[in-house]
Amino acid sequence: MKSMKRILGIGAVLLMAATWMQPVQAQQENMVETIKSRGKLQVGFSSFVPWAMRDKQGQWVGFEVDVANKLAKDLGVQLELIPTAWDGIIPSLIAKKFDVIIGGMSVTPARQEQIDFSTPYSNSGQGLAASKQLASKLKWPDDYNSSSVTFTCRRGVLGCKVIEERFPKATLRQFDDDAIAFQEVINGNAHAVISSEPKPSFFTLKNPDKLFKPSPDNLTISVEGFGVRKGNANSLTVFNDWIAKNKDWLKERHGYWFKTQDWATIVQQ
Amino acid sequence: MQTSIRPPARAVPWHRSAWFETLQFVALLGLLAGFAIRGAQSMGYQWKWDKVPRYLYRVIDGEFIAGPLTKGLLVTLDITWIAAVLALLIGLAVALLRLSRSVVGPALAWSYVEVIRNTPILVQMLIMYFIIAAILGIPRQWAGILCLAMYEAAFVAEIIRAGIVAVPKGQREAGLSLGYSSFDLYRDIILPQAVPLMLPPLGGVLVNLVKHSAIVSVIAVFDLTTEARTVISDTFMAFEIWLTTAAMYLVVTVTLSIGVGWLERRYQRH
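None of these values were measured; they are calculated from a predicted model. (Residues numbered from 1 in each chain as written. Chains lettered and ligands numbered in written order. Predicted model: local features only at pLDDT ≥ 70, side-chain atom pairs only at ≥ 80, totals over all residues.)

Undergrad: How should I be thinking about the overall build of chain A in this particular structure?
TA: Counting secondary structure elements, chain A contains eleven helices and 13 strands. Principal-axis analysis of the C-alpha atoms places the extent of chain A at approximately 85 × 45 × 35 Å. Going through the 269 residues of chain A one by one, you find that 36% of them count as buried. In chain A, 74% of the contacts between residues at least 6 apart in sequence involve partners at least 24 apart. (Helix = DSSP H or I, 4+ residues; strand = E, 2+ residues; numbered from the N terminus. Buried ≥ 20, exposed ≤ 12 C-beta atoms within 10 Å, placed from the backbone. Contact = placed C-beta atoms within 7 Å.)

And the structure:
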């Protein structure tokens, strides 16, 4: 009996060692094939008004949701939306939690070192909303670059980098989501919040006594693309073709979500 | 004539001996590590360990400059020690309140402990910062410290109460019959017997405090966890930075555990 156990034990160890000995390489995925055989497109995104947000019934709606739905329909598969924390979305993509990031992700060189982007399918800018209580006397933009000024942003967005570069002397506090970052400014604990337009404009309109826009122009403009893992050249081609074919539709949808407020009644205000 | 008689060595078969057991364990660890590395390789993740030290420290022109992770660690330690002292004081007060003979006192203490122990610390931190600190005008770092102190105080109160209650009732009765005042009773008879019982779990509370201090990152206090998340969102080196951060927390907590162990040995009941 004891020798039986010993043989089983040694056998298990040898089996593990044998599988370990096999050489392994990071394979070139053929992602579109995988998606089609799986029958489901898994999309990673994060809640960002108006790219993606919940309506009154708790369903996801928004520009990115429309894009993901159409992409899945054109590929002939189901769509699975996987909401992910924004500052962990790239590691999640690399860890294969989903196939593609369709979340209004701006193309930046730092991100391009980690993942590949499709051709741009939309563009937007970063804007500020400032606190009337703390910042009404500050002159834009010079007075904002001082150690007594506090900016807030959502961790991981392009705006954080912009503030670090343009206002290096100011203190930057990063939060887990936009709502808290804006709340800090509304409460008078920070001078200004940076976020992707049109959110700063929406919030300023909703809180005219607490917030104002220090500058009518966007701080930066950026282009957005789908994010895929490196080594997926053929899948990228499929996505780029799709983007090129649907240019007009993308423009129309972008205009609907970003330039109008027609959808405001279906989401919680 | 002095002959030292060595006890005969127990006959242990070779496959049960200490060195073989250790060898097996090391081999198993090596196998598991091999699996982990294989998994990481098949994911195509690029390990960039050489880029980590610059976030710990930099030497510029012979001057030592602390990196963001080190600065975060100092903030964490600062928050932790202040919260620990406050937690001990609040916990002691709540425990004594619970043991008192009034009617309202024990009820108040009991509700405090139950509410604080049974709600998530994340929720408590957000309530403390966005509601209580906003109303009372408490600055950010103190809101974090207060929340941590109040959270751990609930556990400290229960530990202190358990320690005091564990002292046999006869001790208290004997002290009272000898004419000890209440204060002297606690100081000379009850606490010296209760404290050695309390030290191990209090050490655990201290270690928990260090770990829970990471929660202040949701209100953007620049502690170790906040700095780590910022570095990761800039560089995307999730694995390397998180492992380094965990190791830094581990160094702090293990040092504290060793310190508490030394204290326990010193105050051990004979």
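Undergrad: Looking at this model, I keep getting lost on the overall build of chain B. Mind explaining?
TA: When helices and strands are counted, chain B shows nine helices and two strands. Counting helices and strands in the order they occur from the N terminus, chain B gives α-β-β-α-α-α-α-α-α-α-α. Computed over C-alpha atoms, the radius of gyration of chain B comes to 25 Å, more than 25% over the 18 Å expected from 2.2 N^0.38 for 270 residues, which places it beyond the range of a compact globule. Principal-axis analysis of the C-alpha atoms gives chain B an extent of 80 × 75 × 40 Å. (Rg over C-alpha atoms; globule rule 2.2 N^0.38 Å.)

Undergrad: Looking at this model, I keep getting lost on the interface of chain B and chain A. Mind explaining?
TA: By a frequent convention, interface size equals the accessible area lost on bringing the separate parts together. The partner chain A presents 20 residues to the 18 residues of chain B that form the contact. Every element with two or more residues in the side of chain B that touches chain A is listed here: helix 1 (18-42), helix 4 (121-136) and helix 8 (224-235) of chain B.

Undergrad: Would you explain the nonpolar core in this entry?
TA: Grouped burial of nonpolar side chains is what soluble globular proteins tend to show. If you look at the biggest cluster of nonpolar residues, it comprises 104 residues, and the most contacted ones within it are A:Ala129, A:Phe151, A:Cys153, A:Ala192, A:Val193 and B:Ala157. Ranked by residues supplied to this core, first place goes to helix 5 (residues 140-166) of chain B with 15 residues. Both of domain 1 (31-121 + 225-261) and domain 2 (125-221) of chain A provide at least three residues apiece to this core. Residue contacts for A:Phe151: discarding those within four places in its chain leaves A:Ile163, A:Phe167, A:Ala170, A:Leu172, A:Ala190, A:His191, A:Ala192, A:Val193 and A:Ile194. (Core = buried A, V, L, I, M, F, W, Y, C linked by C-beta atoms within 7 Å. Domains from an automatic or database assignment.)

Undergrad: Sorry if this is basic, but what is going on with the domain arrangement of chain A here?
TA: Residue and element names in this part refer to chain A. When cut into domains, chain A gives domain 1 (31-121 + 225-261) and domain 2 (125-221). Once you take the C-alpha centre of each, domain 1 and domain 2 turn out to be 27 Å apart. Between domain 1 and domain 2, the contact holds eight residues from the first and nine residues from the second. Within the side of domain 1 that touches domain 2, the residues separate by chemical class into four nonpolar, three polar and one charged. (Nonpolar A, V, L, I, M, F, W, Y, C, P; charged D, E, K, R; others polar.)

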